[in-house]
Amino acid sequence: MIDNLTVAKSAAFFTIRRNLTDRAVEDLFTTLRRSHGTTANNVFRHIRENQGDARWSAICFEYATPPAFLDPASGVKERLFGYLMLVEYQGHVAVFSSRLGLPTAFKTRHFASVEVNRMEGAIARENAIFQKMRMRNMSVSPHVMRNKTLEAPNLANVVGPAGSRRYAPQTYTVSVDGVHCTTTPSTGRIGVRSDKVGHGELIEFAETMIDALRVDPADVSPFIRTFARPMSLRDALAASQPTAIAVDTARLAAAVVGDEATIRMVHVDDEVSELSTAEFNELLGRLDQALTIEGIGKLRAAKLPDSDDEVATISLNKSRIALRSLTLGMAAAVEVETLDLALGEDPDRRPLYSYLDEEDCFIVLFDDVRLSYIDGQVFRDETMLDGGASFLPYLHPDASLQAVTDEKGTFVAGQVAFDGTSTFGAIVEHVGAEDAILICDDLGDEWADFIGIKEEAGFVQVCFYHAKHDALTLSAGSFHVAVSQAIKNLGNMMFPAERMEAKVQSWNARYNAMGQPTQIERIIRNNAGDLSAAIVRARTAPDVRRRAVIVTSSLSKQAVEDAFAAIQAGHRPTHTFVQLYWLLQSFFSACTEVGASGSIVCQP
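The model shown is predicted, which means the values in this text are computed figures rather than measured ones.

Asks: It is not clear to me how the sheet that holds strand E28 (residues 459–468) should be interpreted in this structure. Could you clarify?
Replies: Strands pair in a sheet through their backbones, by hydrogen bonds, and they do so in one of two ways: parallel or antiparallel. If you trace the 7 strands from one edge of the open sheet to the other, you get E25-E33-E32-E28-E27-E26-E31, paired in mixed fashion. Only two strands of the sheet have a single neighbouring strand rather than two, namely strand E25 (395–397) and strand E31 (523–526). For this sheet the average axis-to-axis angle between neighbouring strands, irrespective of direction, equals 20 degrees. Note that E25 and strand E33 (residues 596–603) share 3 bridges and pair parallel. Residue pairing across strands places Pro 397 opposite Cys 602, the latter belonging to E33. Set on the sheet, helix H13 (residues 557–568) makes contact with E25, strand E32 (545–556) and E33; between it and E32 the angle comes to about 85 degrees.

Here you go:
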């Protein structure tokens, strides 16, 4: 019956850690059948047969499982067929499968991941045309776009470095000499767009891909080099220390909810019960925060910021970081089962932390701001090697901020202008002084503290100013709120038509500070005539420039320059500077996503 197999060319590739034997493969097939409640009904079964220089094994059998849309208590079961095929060749193995998966214990014992740089060398070659890519942001901040997917006939023509350098590629599709390949380097999966083929052609496909993986990585595509680059964990730990860890909650949610769900979350008491939606949402909420890593040994503790409570532990191994425990919220009481089997019948049910560890479903940051551990691989943002040359241009010094002592200033009845020693006053008198239209949008349905519009030589510029005051620091703490507000309102920079009537009406009122009415006009300045007409032009102009600007007295450009100079001189940056760099880079990238530019106006 193996001659009737007809499937697409898609497999997961691994290096062989421990050689396979006939007995090991027989035990694997026995375990697969047992875990699916059957001991017979094989459609085909082959153990390590030869084809040229390769050995191949395959099994296909029928099994019963409750339909996903019916309660298991109904007793109704549907009949399904699954298959799994292994191709051993030159120290590697290709795993083809449908509805059957390798048991975790077997995979851990016999196989190891293919290095990401070899996956790149095999697929992302110099002449590859990238047509689709899914990426993960290297930040653990809750204020950034965590994942994004891009698609175009040639991404190199539409994606610039400013929008890519804070992201690590996860899955991409390329075209090379008319052949379309899709790969997920972290899992070793490679697929080729083709007609369905039989087992003989699958073996040939496996040999071709493995030959490519065995070649020392040659020049890879210039396009993929604009993203974060992979490096070994050994090299990363030799020069840097991990400082923070966060669960990849978006990826965990995708595995539990939706059409592509693969697992269920359960309580295990007297009987197994699935987490309710409310419980799952509560769990995600607790897991959705960064933990601080402490310690100096191989085993290290992770704690909530400003807390002595240990809620997780990690182990720094030679080739990977392992999650050894997780007690945050209800995490310690939750276990994970596969959806392929009925509730409570998964023999490989394991604690949540164990699942997160197996899937590398967490991110680790280091005191080297360039590094991030994502999907079991360390990536380095090589733009940090330029001493901040690609970062510092986003910072614009303004001397007026040196005199600022408060964000909004004080208010008294009859006041007609913001205090000159406030950040608000600095925006009105200096930062936004060239804007023909300047509107205070603070309080209420707030899009920004100030909105500025100007037209010059036929070009339109829209600025959303977000004001902040604090003591001078290189910490991210004072920026979180401003960055969150700025990112949340990027869509409003398009001036959505359905919201503008109410918005313009609110601008015609005077500014009322908290508990103190004033005589300050919200429309600070309007040298453009009809305000509504100016808004329409700003919305529809094809070449409008949109700027999201954080104006703060809490940052000095010179201090940032000094920090980068120290990094280049070999000094490790502070943990707070690492967080600041990542937060602001994520802000700049988020602006790029919507066709805007982000910037920081700060002290010299």
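Asks: How should the environment of Glu 561 be read in this particular structure?
Replies: Residue position: Glu 561 is located in helix H13. By relative accessible area, Glu 561 is classed as partly exposed at 30%. Sequence separation of Glu 561 and Phe 391 is 170 residues, and the distance between their C-alpha atoms is 9.7 Å.

Asks: Would you take a moment to explain the sheet that holds strand E18 (residues 310–316) for this structure?
Replies: Spatial strand order, E12-E24-E23-E22-E13-E16-E17-E18-E19: 9 strands in an open sheet with antiparallel pairing. Because the sheet does not close on itself, it has two edges, and the strands there are strand E12 (229–231) and strand E19 (321–326). Each neighbouring strand pair of the sheet contributes to a mean axis angle of 30 degrees, computed without reference to strand direction. Sheet topology places strand E23 (residues 371–374) next to strand E24 (residues 377–380); 4 bridges connect them, and they run antiparallel. When the sheet's bridge partners are listed, Ile 374 is paired in E24 with Gln 377.

Asks: Help me understand the side chain of Asp 357, please; the structure alone is not making it clear to me.
Replies: Mapping Asp 357 onto the fold places it in helix H8 (residues 352–358). The exposure class assigned to Asp 357 is buried, which follows from its relative accessible area of 12%.

Asks: Just checking my understanding: could you explain the packing of helix H11 (residues 497–507) against helix H12 (residues 531–540) for this structure?
Replies: Angle between the axes and distance between the axes are the two parameters that describe a pair of packed helices. Taken N-terminus to C-terminus, the directions of H11 and H12 make an angle of 145 degrees; their axes are 11 Å apart at the nearest point. The crossing of H11 and H12 is right-handed. In this structure, H11 uses Ala 497, Met 500, Val 504 and Trp 507 to contact H12, whose residues at the interface are Leu 531, Ser 532, Ile 535 and Arg 539. Considered class by class, the residues forming the contact of H11 with H12 number 6 nonpolar, 1 polar and 1 charged.

Asks: I would appreciate a short explanation of a positive patch on the surface in the present structure.
Replies: A grouping of Arg 234, Lys 298, Lys 318 and Arg 324 is seen on the molecular surface, where their side chains present a positively charged patch. Summarising the element assignment, Lys 298 is placed in the loop between strand E16 (291–294) and strand E17 (299–303).

Asks: Sorry if this is basic, but what is going on with helix H3 (residues 116–123) here?
Replies: Helical geometry: 3.6 residues make up each α-helical turn, so side chains three or four residues apart lie on a common side. Among the 8 residues of H3, 6 are classified as buried, and the element is accordingly described as predominantly covered. If you check which residues of H3 are buried, you get Val 116, Met 119, Glu 120, Gly 121, Ala 122 and Ile 123. Among the structural elements, strand E9 (167–176), strand E10 (179–184), strand E11 (189–197), helix H4 (199–214), E12 and E24 are those in contact with the buried residues of H3.

Asks: In this structure, what is going on with the side chain of Asp 435? I would like to understand it.
Replies: Here Asp 435 is to be found in the loop between helix H9 (423–431) and strand E26 (437–440). Although Asp 435 lies buried, it forms no salt bridge, and the closest oppositely charged side chain, Lys 454, sits 5.0 Å away as judged by the N-O distance. Polar side-chain contacts of Asp 435 include one of 2.6 Å to the side chain of Tyr 465. In this structure Asp 435 touches Gly 452, Ile 453, Lys 454, Gln 461, Tyr 465 and Arg 525, once residues within four positions along its chain are discounted.

Asks: Any chance you could explain unusual backbone geometry here in plain terms?
Replies: In terms of backbone geometry, most residues other than glycine have negative phi values and most peptide bonds are trans. Phi at Asp 177 takes a positive value of approximately 55 degrees, unusual for a residue other than glycine. Looking at the element boundaries, Asp 177 is found in the loop between E9 and E10. Residue Asp 177 is classed as exposed on the basis of its relative accessible area, which comes to 70%.

Asks: For this particular structure, what's the right way to read the pairing of E32?
Replies: Regular strands show a simple pattern: their side chains alternate between the two faces of the sheet. Among the 12 residues in E32, 11 count as buried, and that is most of the element. Sheet analysis places E28 next to E32, joined by 8 bridges and oriented parallel. Considered in E32, the bridge of Lys 468 is made with Thr 552. Sheet topology places E32 next to E33; 7 bridges connect them, and they run parallel. Of the residues in E33, the one forming a bridge with Arg 546 is Ala 596.

Asks: Quick question: what am I supposed to make of the nonpolar core here?
Replies: It is characteristic of soluble globular proteins that their nonpolar side chains tend to be buried jointly. The biggest cluster of nonpolar side chains holds 61 residues, and the ones touching the most others in it are Leu 395, Phe 479, Phe 495, Phe 587 and Ile 600. Considering every element that reaches this core, the biggest residue donor is helix H14 (residues 575–593), with 11 residues. Once you skip the residues sitting within four places of it in the chain, Leu 395 turns out to touch Leu 555, Lys 557, Val 560, Phe 588, Ile 600 and Cys 602. Core analysis: the next-biggest nonpolar cluster, separate from the first, contains 48 residues, Ala 58, Met 119, Ile 123 and Ala 124 among them.

Each value, and the rule that gives it
Residues numbered from 1 in each chain as written. Predicted model: local features only at pLDDT ≥ 70, side-chain atom pairs only at ≥ 80, totals over all residues. Heavy atoms only, no water. Pairing = 2+ DSSP bridges. Helix = DSSP H or I, 4+ residues; strand = E, 2+ residues; numbered from the N terminus. Axes fitted to C-alpha atoms, helices over the stretch in contact; angles between N-to-C directions. Contact = heavy atoms within 4.5 Å. Buried < 20%, exposed > 50% of the residue type's maximum accessible area, 1.4 Å probe, protein only. Left-handed = near helix turned anticlockwise from the far one by under 90°. Nonpolar A, V, L, I, M, F, W, Y, C, P; charged D, E, K, R; others polar. Patch = residues over 30% accessible without salt bridge, like charges linked within 9 Å, V, L, I, M, F, W, Y side chains within 5 Å. Areas by Shrake-Rupley, 256 points an atom, 1.4 Å probe, with all protein chains shown as cover. Salt bridge = Lys/Arg side-chain N within 4 Å of Asp/Glu carboxyl O. Lys, Arg positive; Asp, Glu negative; His and termini not counted. Charge placed at Lys NZ, Arg CZ, Asp CG, Glu CD. Polar contact = N/O pair within 3.5 Å; in protein donor to acceptor, adjacent residues only side chain to side chain. Core = buried A, V, L, I, M, F, W, Y, C linked by side-chain atoms within 4.5 Å.

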